[in-house]
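# Examining the three-dimensional arrangement
Okay, here's what each chain looks like letter by letter:
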Amino acid sequence: MTEKLPLVVLISGSGSNLQAIIDGAADDLPVEIRAVISNKADAYGLERARKAGIETRVLDHKEFSDRDSYDLALGDLIEEYQPGLVILAGFMRILTLALVGRFHGRMFNIHPSLLPKFRGLHTHERAIEAGERMHGASVHFVTEELDGGPLIIQAQVPVKTDDNPDTLAARVLKQEHILYPTAIRMFAEGSLRMEGDVACHHGSPLNSPIILNPDQAT
Ligand code: GRF
């Protein structure tokens, strides 16, 4: 049996991706969520964590004078739980280089676009405006470049002619809930690692991301 990988999950909002990981862990995903940390006390994801009996912590960025001091405290808080992997799941903060460096090779982010397209915010709206026919979500290792770390895996969805940002977001989010546990499983089972600055799968560099659902992309 694979030993369970200790996780710390960072959120700011609804936490539906967190829920997917909680549900996975209750099934056969070999992880133990040691804590859920939010920068917002009213994030609904904290409620989800409590319901699952997971320890929750709030570290409000408004109580810190600058980004460096917040990220230092956040890094210390994360390390209290000695995670093997840190999961950013809708954590709406730009991280300092110092924080990212502390968790190099063991921090994941999920982003609602087919990176490198549409880094940053409002990805669904921008994909529609750009006339994209395909859109989706990506999981990547976190580096100092915003939404720019080595890609691991992507899920694709079609953009429909009558889509608005909300309908498209809902279609993407459904895939995210499969995508994130899949990436976490690969890391937990040891097939995925960051070597230097390169994501490796079964020891070979991932020159392009794994595609979760190549046949659904029509
Ligand atoms: C997701 O779309 C994720 O890709 C982005 O933030 C959103 C979080 O949603 N980073 P939830 O809080 O997991 O429901």
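Residue indices begin from 1 for each chain and proceed along its sequence in written order. Totals for whole chains, interfaces and linings use all residues, but because this is a predicted model, local features are given only for residues with pLDDT of at least 70 and pairs of side-chain atoms are given and counted only at 80 or more. The basis for every side-chain value is the complete set of non-hydrogen atoms in the structure, without hydrogens or water.

Right, let's get into the sheet that holds strand 8 (residues 192–195). Pairing between the strands of a sheet comes from backbone hydrogen bonds, and it takes one of two forms, parallel or antiparallel. When DSSP finds two or more bridges between a pair of strands, those strands are recorded as paired. A run of H or I in DSSP becomes a helix once it reaches four residues, and a run of E becomes a strand once it reaches two; helices and strands are each numbered from the N terminus. Taking strand neighbours across the sheet as the criterion, the three strands line up as 8-9-10 in an open arrangement whose pairing is antiparallel. Each having just a single partner strand, strand 8 and strand 10 (204–205) make up the two edges of the open sheet.

So, on to unusual backbone geometry. In this chain, Leu 115 is followed by Pro 116 through a cis amide linkage whose omega measures 15°. In this fold, Pro 116 is placed in the loop between strand 5 (107–111) and helix 5 (123–129). Here His 122, not a glycine, exhibits a phi torsion of approximately 55°, which is positive. Given a relative accessible area of 56%, His 122 falls into the exposed group. To sort residues, take the accessible area from a 1.4 Å probe on protein chains only and compare it with the maximum for the residue type: under 20% means buried, over 50% means exposed, and anything in between is partly exposed.

What follows deals with the packing of helix 1 (residues 16–26) against helix 6 (residues 165–188). What describes two packed helices is the angle between their axes and the distance between those same axes. Helix 6 packs onto helix 1 with a crossing angle of 50° between their chain directions and a minimal axis gap of 9 Å. By the angle class used here, helix 1 and helix 6 are oblique. Seen from above, helix 1 lies across helix 6 with right-handed handedness. Residue-level inspection shows Ser 16, Asn 17, Ala 20 and Ile 21 of helix 1 in contact with helix 6, the latter providing Leu 173, Glu 176, His 177, Tyr 180, Pro 181 and Ile 184. Here the residues of the contact of helix 1 with helix 6 are counted per class, giving six nonpolar, three polar and one charged. Note on geometry: axes are C-alpha line fits, over the in-contact stretch for helices, and angles between N-to-C directions span 0 to 180 degrees. Oblique is the label for any angle not covered by the other classes, which are roughly parallel (under 35 degrees), roughly antiparallel (over 145) and roughly perpendicular (65 to 115). Each crossing gets its hand from how the near helix is turned against the far one by less than a right angle, where anticlockwise is left-handed and clockwise is right-handed. Every residue pair with non-hydrogen atoms within 4.5 Å of one another is taken to be in contact. In this classification, Asp, Glu, Lys and Arg are treated as charged, Ala, Val, Leu, Ile, Met, Phe, Trp, Tyr, Cys and Pro as nonpolar, and every other residue, Gly included, as polar.

Here the focus is the pattern of salt bridges. In what follows, salt bridge is the name for a side-chain nitrogen of Lys or Arg lying within 4 Å of a carboxyl oxygen of Asp or Glu. Tallied over the entire structure, the rule returns 12 salt bridges. We note a salt bridge from Arg 57 to Glu 55, for which the minimum N-O separation is 3.9 Å. The shortest N-O distance in the salt bridge between Arg 119 and Glu 145 comes to 2.8 Å. Taken together, the residues span a long stretch of sequence, with Arg 119 in the loop between strand 5 and helix 5 and Glu 145 in the loop between strand 6 (134–141) and strand 7 (151–158) at a distance of 26 residues. For Arg 119, a relative accessible area of 34% corresponds to the partly exposed category. Members of the salt-bridge network, linked through shared partners, are Asp 28, Arg 185 and Glu 189.

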